[in-house]
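Structural overview
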Amino acid sequence: PPAARAVGLNKVYGTGSARVVALDAVDVDIPAGRFTAVMGPSGSGKSTLMHCLAGLDRPSGGSVYLGATALDTLSDGQLTDLRRREIGFVFQSFNLVPTLTAAENIILPLTIGGQRPDAALLESIVAALDLAGRLGHRPAELSGGQQQRVALARALVTQPQIVFADEPTGNLDSRTGGRLLGLMRRSVDEFGRTVVMVTHDPVAAAVADQVLVLADGRLVDQFSEPTVDQVL
Ligand code: ADP
Ligand code: ADP
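Please read all numbers here as calculations on a predicted model, not as lab measurements. (Residues numbered from 1 in each chain as written. Chains lettered and ligands numbered in written order. Predicted model: local features only at pLDDT ≥ 70, side-chain atom pairs only at ≥ 80, totals over all residues. Heavy atoms only, no water.)

Concerning the sheet that holds strand S10 (residues 218-224)
Taken together, six strands build an open sheet; the order of strands is S6-S7-S8-S3-S9-S10 and the sheet is mixed. A strand with exactly one partner marks an edge of an open sheet, and here the two such strands are strand S6 (87-90) and S10. Within the sheet, the average angular offset between the axes of one strand and its neighbour, ignoring direction, is 15°. With four bridges connecting them, strand S3 (residues 35-39) and strand S9 (residues 210-215) associate as parallel partners. Residue pairing for S9: Val-38 is matched across the bridge by Leu-212. In this fold helix H5 (residues 144-156) packs onto S6 and strand S7 (162-166), with an angle of close to 175° to the strand it touches most, S6. (Pairing = 2+ DSSP bridges. Helix = DSSP H or I, 4+ residues; strand = E, 2+ residues; numbered from the N terminus. Axes fitted to C-alpha atoms, helices over the stretch in contact; angles between N-to-C directions. Contact = heavy atoms within 4.5 Å.)

Encoded structure:
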């Protein structure tokens, strides 16, 4: 099966005059072991789609599958367990713990579960993200780009099957952004991971294998092996 799939996905926020249809009958397949980019204007439903696919948010209608598992059959506790085991998520706002150092933030998903990090894995992630000199710093002592890389390291440290990243290059200069894209590309090509990334950046989207385009809560376009011209 695909790594993740949405069938007839609906998400409605609020009621009455505050009612917003964030997703409207969206069908998407996220192929396993491939890199998918999600594009579309601000407010088109990209973050909502990511949150529903990652089990962070319950849909209003339709179904979400992770592999063969229908998320609506899981209790909140089961969903949390599945998320911890299978999913890495990089939030737009990073969600780092301000009182912990970068190193402590990175290994937090493991320490919560009473696990120790694999030293070789940790070293390779830290090196690839160029964070070695920043491990003892707290988030407030890091630049936005460094915080973003810490958040990505934290999402990779559990070696999840699928990683969701909400505008991971949004706050990075083009060199750092390029390095981060390279790392995600390598996670897919060398380690068979599945990556789903929201981006506004055509250069970033062109690194993906598949591009999904949302507008007003609907899937309006979809193509494989994108060229920069297609995603502009
Ligand atoms: P995008 O990521 O493409 O910018 P979002 O998924 O964040 O889009 O938002 C889609 C629509 O849902 C927008 O109209 C947004 O204002 C609305 N929305 C998102 N989150 C909430 C929320 N928690 N409560 C109410 N409306 C929301
Ligand atoms: P080697 O196994 O050749 O020493 P590395 O030091 O690059 O390779 O990585 C050690 C282990 O860490 C790998 O076996 C792999 O499971 C994991 N790993 C490294 N980088 C990544 C990555 N970007 N995404 C997922 N897993 C990774």
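After that view of the structure, there is still more to cover.
Re the site of ligand 2
Looking at ligand 2, the residues that line it are Leu-121, Ser-124, Gln-159, Leu-183, Ser-187, Phe-191 and Arg-193. The contact in question runs from an oxygen atom of ligand 2 to an N or O atom on the side chain of Gln-159, over 3.1 Å. Here a nitrogen atom of ligand 2 sits 3.2 Å away from a polar atom, N or O, in the side chain of Ser-187. Burial of ligand 2 by the surrounding chains reaches 60%, relative to a free accessible area of 530 Å². For the shell around ligand 2, the secondary structure elements donating two or more residues are helix H4 (119-128) and helix H6 (174-191). Sort the elements by how many residues they give to the shell around ligand 2 and H6 lands first, with three residues. A breakdown of the residues in the shell around ligand 2 according to their chemical character gives three nonpolar, three polar and one charged. (Near = heavy atom within 4 Å. Polar contact = N/O pair within 3.5 Å; in protein donor to acceptor, adjacent residues only side chain to side chain. Areas by Shrake-Rupley, 256 points an atom, 1.4 Å probe, with all protein chains shown as cover. Nonpolar A, V, L, I, M, F, W, Y, C, P; charged D, E, K, R; others polar.)

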